[in-house]
Amino acid sequence: RTKPHNSTRDMASRGNNDDDGDDDDNIDVGENRFINDGYVEPTMADDEAFRWCPTHAPNTAAAALLTAKSHTTSNDGAYNTSIAASCDGTRVGVVTTSGRVHVYDRDETGATHEAFVVDVGRGVNECAFASSADPHVIALACNDGTCKVYDGRMGTSSPVAVYRAPFNVEDVESCALGGDASDALLAVAVGPHIAFYDRRSTSTAPLTVFQDAHSETVTCVRFHPERRSNLYTASVDGLVCAFNCEAASGGFNDEDALISIMSTDAAVNNIGFCRTGASSGTEHDAVWCTTGIEEVHIFVAGGDPRRVGVPLAHVANAREAAQRVSAASAPDFASQVDYIIGVHDGVAPGELYVSAGTQSGAIGVFPVVRGAPAAIGTPGYVTLDAPVAILRNGHRDIVRSMYWDANAAMSEASRVPLTCGEDSLVCSWRPSVETDGGPVHVDRARPPGRRHSPY
């Protein structure tokens, strides 16, 4: 059986090479042994890890997008915990601690108009939209041990399907819709496992459960935006795993589906996809992740499974890097930078930004740039530059999530940043709009922010 090159390498690093002297070191695995499929290790000249260079032009349209607060919405006084966007960014879901998910439509100016509210009545950890093949469907990962699926065309009083987590797990951390062109597969994070459900089936029992990929709580599951059968998962164990779920209808397991294992050496808080420009400008050819020690990692997530998982960038101590590069232009902001929010695409392929926030709700947007030439191929080769914008006078508490995709192929709405925070506010940011000048009212009687206790 042929396995992808880097999958073989990574599994070996997890302990498959046993030197304890026992006979099991020399077992003949016969049909299951890995064979050479003709793969040739790239040279420095054509290896993404050495060839990829982030691009940044100081006067790009990306910087102009980030100038002023234009629209603010309050969500019932509850904490906002995350934002999920539809494939084109014209619809977003904002998860709150009240058990409600507010779904907004966004116009070409980026302003939000509430489409409907899903009131689960219990805590919701995350929501996820289907692709353009089924744009009205939204899935909710709930802390009552279920994943609920709603169809916006049929009302939100009751879900169209409810899937219960196996093993009596009472908290579903994350969910994702994908698997094929029709998004028939639902992936759900269940403790340290990933459960799969077939939405076409009348049965709500799991199709299969991956039990061996992660050893601690799975925090994120995400299907690739273009390769809908490729699932990426992240965990407190510090690993990001990539799986090919093409054989879902016929049954599959985590060993056969595994493409690659990526290590960050810290608990992974969030993952997403971005464009490095190494392939097509519109294709998401990399996966990014942020960790509990405020670092950023970027790995290859392109079409060649043998290259998936190759490290592209590691912004070590990203919080300290953001503080350092902000010191000259915004010393008051620099001293307060406390956490990393996410990674975002700029207008041009390879133009990437990292967002970071303060306890008082200011947000800095930092371009990812090349470091010293001598550091090529090492973590120090990619770092952060001075912020292109600092978003102020919007939030007054910790910012939990930011959605922004400025790529030229995306909708006008997706190019306008949208943020949500623990002050219950949802802020949309766009250029050439004056701020209201006054602070947004926040109920200071609420408990302090919880940015550093996300689980």
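Structural data are supplied above this passage.
It should be emphasised that the depicted structure is a prediction, and the values quoted were computed from it without experimental measurement.

A. Layout of the sheet that holds strand 18 (residues 268-274). Spatial strand order, 18-19-20-21: 4 strands in an open sheet with antiparallel pairing. Of all strands in the sheet, those with a lone pairing partner are strand 18 and strand 21 (311-315), marking the two edges. Averaged over all neighbouring strand pairs, the angle between strand axes comes to 15°, with direction disregarded.

B. Structural view of the packing of aromatic side chains. What the rule picks out here adds up to 8 aromatic pairs. An angle of 80° between the planes, with centres 5.3 Å apart, marks the rings of Y232 and F273 as edge-to-face. One end of the pair, Y232, is in strand 15 (residues 230-235); the other, F273, is in strand 18, and 41 residues separate them in sequence. Each member of the pair, Y232 as well as F273, is classed as buried. Judged by centre distance (6.4 Å) and plane angle (25°), the rings of F333 and F366 are stacked. One end of the pair, F333, is in helix 6 (residues 331-334); the other, F366, is in strand 24 (residues 363-370), and 33 residues separate them in sequence. Each member of the pair, F333 as well as F366, carries the same accessibility label: buried. Each member of the aromatic cluster is reached from another via a ring pair, and the members are F196, F210, F243 and F252.

C. Spatial organisation of the sheet that holds strand 14 (residues 218-223). Strand order across the open sheet formed by 4 strands is 14-15-16-17, with antiparallel pairing between neighbours. Across the chains shown, the open sheet's two edge strands, defined by having one partner strand only, are strand 14 and strand 17 (258-263). Neighbour-to-neighbour, the strand axes of the sheet open up by a mean angle of 15°, direction not taken into account. Where strand 14 lies against strand 15, 5 bridges are found, and the strand directions are antiparallel. Across the sheet, the residue bridging to R222 is Y232, located in strand 15.

D. A look at the pattern of salt bridges. Taken as a whole and judged by the stated rule, the model has 17 salt bridges. For E126, the salt bridge goes to R222, with nearest N and O atoms at 3.1 Å. Of this pair, E126 sits in strand 6 (residues 124-129) while R222 sits in strand 14; the two residues are 96 residues apart in sequence, bridging distant segments of the chain. Neither E126 nor R222 differs from the other in exposure class; each is buried. Among the salt bridges present, the one from D405 reaches R275, with a minimum N-O distance of 3.0 Å.

E. Structural detail: the pairing of strand 22 (residues 337-345). Across the 9 residues of strand 22, 8 count as buried, placing the element largely inside the fold. Of the strand pairs in this sheet, strand 22 and strand 23 (residues 352-358) are connected by 7 bridges, and their pairing is antiparallel. Residue G342 lies in a different strand from strand 23, and its bridge partner there is S355. Hairpin connection of strand 22 to strand 23: 6 residues between the antiparallel strands, including G350 at a positive phi of 90°.

So, how was this worked out
- Residues numbered from 1 in each chain as written.
- Predicted model: local features only at pLDDT ≥ 70, side-chain atom pairs only at ≥ 80, totals over all residues.
- Heavy atoms only, no water.
- Pairing = 2+ DSSP bridges.
- Helix = DSSP H or I, 4+ residues; strand = E, 2+ residues; numbered from the N terminus.
- Axes fitted to C-alpha atoms, helices over the stretch in contact; angles between N-to-C directions.
- Phe/Tyr/Trp six-rings, centres within 6.5 Å; stacked < 30°, edge-to-face > 60°.
- Buried < 20%, exposed > 50% of the residue type's maximum accessible area, 1.4 Å probe, protein only.
- Salt bridge = Lys/Arg side-chain N within 4 Å of Asp/Glu carboxyl O.

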